[in-house]
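The residues making up each chain are set out below.
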Amino acid sequence: MSAMDGVGGGTGRSETAVDVAVVGYGPVGMATAALLGRAGHRVVVLERYDGLYNLPRAAIFDDETMRTLARLGIAEGLLPKLRVQRNYEWRNGHGDLLIEQAFAEVGRSGWAEWFMMYQPDLEEALDGVCRSTPGVEVRHSSPVVAVEQTGDHVVLTVDGPGGRQSVTARYVVACDGGNSFVRSALGVTQQDYGFSEPWMVCDFRFRRPVDLPAALQFGDPNGPTSIISIGPDHHRFSFMLDSPEDFETERAPERVWKRVAAYLTPEDAELIRVATYTFRSLVADDWRRGRIVLAGDAAHQMPPFLGQGMCSGIRDAQNLAFKLDLILRGAAGDGLLDTYQTEREPHVRAVTEKGIELGTMQTIRDPERAAERDRVLLARRAASQKPETLRFPGLGEGLLARASGPGRGELSVQGAVDDGTRSGRLDQVVGDGFHVLVDPALLAGADDLSGVLHDLAETGVRVVAPGGRADDHPWAAVVRDVDGTYRRWFAELGVSLVAVRPDFYVFGTAAGPDAAGVLAREVLGTVTGADGAPLRRPAA
């Protein structure tokens, strides 16, 4: 009987032993389970609901998230159900354009920078990946009611459909949302930024084509409003309330239709959902307690004005999945998990604080302050006349190369390549995992560098040489840099080798064969645990 099989315990409870237990089956839990399962680990997912949530919550994701979805094999299938959005407008109550944010058709990660989605479509696709991945078991109607951990495992008590169950896991990833039971059970406190506003969210399904603003924030002091697409067939109107108590009155369908009458009628669309949310801005003080880590909303909640809540959780999933893979394979000790918060928290806080800044501007209720805001922003726009672009920060200190260098800790670039057999984005042509991108000229260089690059390829690291043409090479993928993406990136950084982690972030860069050899050996030690040195822990 394998460790995934249920066994009878002396207490009459069913018991299960796995590598990782994931608590919560929203997009973050799904991505975590799928990534770990595809790496060959035994995973059980514990979800309190009896099925998929099947209602829209998140509405937006970015090119970095799409790169993860492509890794899981569902990006192309989702594309017809998504809307690519090229701009985001912030207007005042008179309709004057205060801020315009622009999003590229092809972003840094090789996909459009902004997608509008209907979340049930995404969850259905992710659910399909999890259920088709060997080693991943999904249990619905299975709320976790107790948590206990020892030095080498965690025991979760679950009230399952068949009665009380125990799940023993080497590690637990809690993706159980803003009201996380696991976070509460661990006694983890949170920092509250103090930005808390009640909103009413109204979702519609189109009956016929309607021309609506696709991404618009109205900073009207008489009633801040958000209008966004949630995919080709759905739309969302959100209205700030004066108080949470107003929801019971304002949720009435006739009042909702009155609010949207300038845009929609019942002949145009069906009102499918009215919900109230209090947008919060919270960051957990500790994202790890022993063998338990928090991810997604369990670790951090941010206002929705940048559309980065779910994206931030997917970044958590990628960061944790490859690190847990190293730990479970014996290439690293579990101290590596200390780098999770130190790397991700600065990014989360930067995004949260920017969202609060924009949200605070949009939700000004005092007419005089709103007029002053308008004067400042209109003057700034008149001076620039260009849409703004957003660039989020890279990682904080953690599992990165010892030597600092240009691009270290930043999100990597993904371009189109051709290996002589097929063309496509790099990940889909050469595969997942650690990548070492190397100037083709170095492949014929010093024997020492060639030897370590060969060893990297033998361990499964993708050694890739993007250049002018695709050639055969015994241990490197020599690919054509179709549109010059890598040539420009290498020139911008001034380097000849870039090491990229499985979560798409740059481990380190090097210029010249000597420095490239040092960095390549460090990557080799990281993936094999064979360099005799412990993995770096972040500075206190």
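What you are looking at is a predicted structure, and each value in this text was computed from that prediction instead of being measured.

1. With respect to the overall build of the protein
Regarding its fold elements, the protein presents 14 helices and 29 strands. Seen along its three principal axes, the alpha-carbon backbone of the protein occupies a region of about 75 × 70 × 45 Å. For the protein, the proportion of its 540 residues judged to be buried stands at 55%. Contacts in the protein between residues far apart in sequence, at least 24 positions, make up 71% of those at least 6 positions apart. As displayed, the protein has an accessible area near 21900 Å², and 48% of this comes from carbon and sulfur atoms.

2. Observations concerning the UniProt feature "domain: FAD-binding" (unreviewed entry) in the protein
Residues annotated in UniProt with the feature "domain: FAD-binding" (unreviewed entry) correspond here to residues 18-353. A helix fraction of 27% and a strand fraction of 33% characterise residues 18-353, whose end C-alpha atoms lie 38 Å from each other.

3. Observations concerning the pattern of salt bridges
For the structure shown, the criterion picks out 42 salt bridges. E89 is the salt-bridge partner of R91, the closest N and O atoms lying 3.0 Å from each other. Measuring nitrogen to oxygen at the nearest pair gives 2.8 Å for the salt bridge that ties E343 to R501. With E343 in helix α9 (residues 338-362) and R501 in the loop between β28 (497-500) and β29 (506-510), this residue pair connects regions lying 158 residues apart in the sequence. E343 gets classed as buried once you look at its relative accessible area, which sits at 0%. You can call R501 buried: its relative accessible area is 1%. Linked through salt bridges whose partners overlap, the residues forming this network are R288, R291, D334 and D338.

4. Some points on the environment of T16
Its place among the elements puts T16 in strand β2 (residues 14-23). Sequence separation of T16 and Q165 is 149 residues, and the distance between their C-alpha atoms is 8.2 Å.

5. So, the sheet that holds strand β27 (residues 477-481)
Pairing is mixed in the open sheet, where 7 strands are placed in the order β24-β23-β27-β26-β25-β28-β29. Taken across any chain shown, the strands that pair with only one partner, and hence form the sheet edges, are β24 (423-425) and β29. Within the sheet, the average angular offset between the axes of one strand and its neighbour, ignoring direction, is 30°. Here strand β23 (residues 416-418) runs beside β27; their pairing, made up of 2 bridges, is antiparallel. By the bridge assignment for β27, D418 is matched with R480. Relative to the sheet, helix α14 (residues 513-528) contacts β25 (435-438), β28 and β29, its axis offset from that of β29 by approximately 155°.

6. A look at the sheet that holds strand β14 (residues 197-206)
An order of β7-β6-β15-β16-β17-β14-β18 is seen for the 7 strands of this open sheet, with the pairing classed as mixed. Looking at strand neighbours, the two that pair on one side only are β7 (97-102) and β18 (269-279), the edges of this open sheet. Along the sheet, successive strands turn relative to each other by an average axial angle of 15°, direction set aside. One ladder, built from 4 bridges, connects strand β6 (residues 87-92) with strand β15 (residues 215-219); its direction is parallel.

7. A look at α9
The end-to-end C-alpha separation of α9 is 37 Å, in line with the 36 Å expected for 25 residues at 1.5 Å each. Roughly 30° is the biggest bend found in α9, and it falls at E345, with proline P346 one to four residues downstream.

8. Observations concerning a nonpolar patch on the surface
On the surface, a cluster of nonpolar side chains totalling about 240 Å² of accessible area is made up of Y49, Y53 and L55. Structurally, Y49 can be placed in the loop between β3 (43-46) and β4 (60-62). Among the residues examined, Y49 registers a relative accessible area of 35% and is labelled partly exposed.

9. Section: the packing of aromatic side chains
One pass over the structure, following the stated rule, counts 18 aromatic pairs. Aromatic side chains Y88 and W114 sit 4.9 Å apart centroid to centroid with 40° between the ring planes, which places their arrangement in the tilted category. Residue Y88 is located in strand β6, and its partner W114 is located in strand β8 (residues 114-116); the two are separated by 26 residues in the primary sequence. Judged by relative accessible area, which is 3%, Y88 ranks as buried. Here a set of aromatic residues connected by ring pairs shows up, and it is made of Y88, W90, F103, W114, F195, W199, F279 and F305. Its guanidinium or amino end placed over the ring of F239, R259 lies 4.9 Å from that ring's centre, counting from NZ or CZ. Over the ring of W111 we find R425, and its NZ or CZ is 3.3 Å from the ring centre.

10. Here we look at the packing of helix α8 (residues 309-328) against α9
Two numbers describe how α8 lies on α9: the axes approach to 11 Å, and their chain directions differ by 160°. Our classification of the angle between α8 and α9 gives roughly antiparallel. Here α8 and α9 pass one another in a crossing that is right-handed. For the pair formed by α8 and α9, the contact residues are S312, R315, D316, N319, L320 and K323 on the first element and T339, Y340, E343, R344 and H347 on the second. Considered class by class, the residues forming the contact of α8 with α9 number 2 nonpolar, 4 polar and 5 charged.

11. Examining the nonpolar core
F61, L156, L453 and L456 are the most contacted members of the largest nonpolar core, which totals 129 residues. Broken down by element, the residue count for this core peaks at 11 residues, all from α8. Of all hydrophobic cores here, the second largest spans 18 residues; its members include F218, F239, F247 and A269.

Parameters at a glance
Residues numbered from 1 in each chain as written. Predicted model: local features only at pLDDT ≥ 70, side-chain atom pairs only at ≥ 80, totals over all residues. Heavy atoms only, no water. Helix = DSSP H or I, 4+ residues; strand = E, 2+ residues; numbered from the N terminus. Buried < 20%, exposed > 50% of the residue type's maximum accessible area, 1.4 Å probe, protein only. Contact = heavy atoms within 4.5 Å. Areas by Shrake-Rupley, 256 points an atom, 1.4 Å probe, with all protein chains shown as cover. UniProt positions renumbered as here; feature names shortened; annotations may be inferred. Salt bridge = Lys/Arg side-chain N within 4 Å of Asp/Glu carboxyl O. Pairing = 2+ DSSP bridges. Axes fitted to C-alpha atoms, helices over the stretch in contact; angles between N-to-C directions. Expected span 1.5 Å × (residues − 1). Bend = angle between axes of the 7 residues up to and from the residue. Patch = residues over 30% accessible without salt bridge, like charges linked within 9 Å, V, L, I, M, F, W, Y side chains within 5 Å. Phe/Tyr/Trp six-rings, centres within 6.5 Å; stacked < 30°, edge-to-face > 60°. Lys NZ or Arg CZ within 6 Å of the ring centre and 35° of its normal. Parallel < 35°, antiparallel > 145°, perpendicular 65-115°, else oblique. Left-handed = near helix turned anticlockwise from the far one by under 90°. Nonpolar A, V, L, I, M, F, W, Y, C, P; charged D, E, K, R; others polar. Core = buried A, V, L, I, M, F, W, Y, C linked by side-chain atoms within 4.5 Å.

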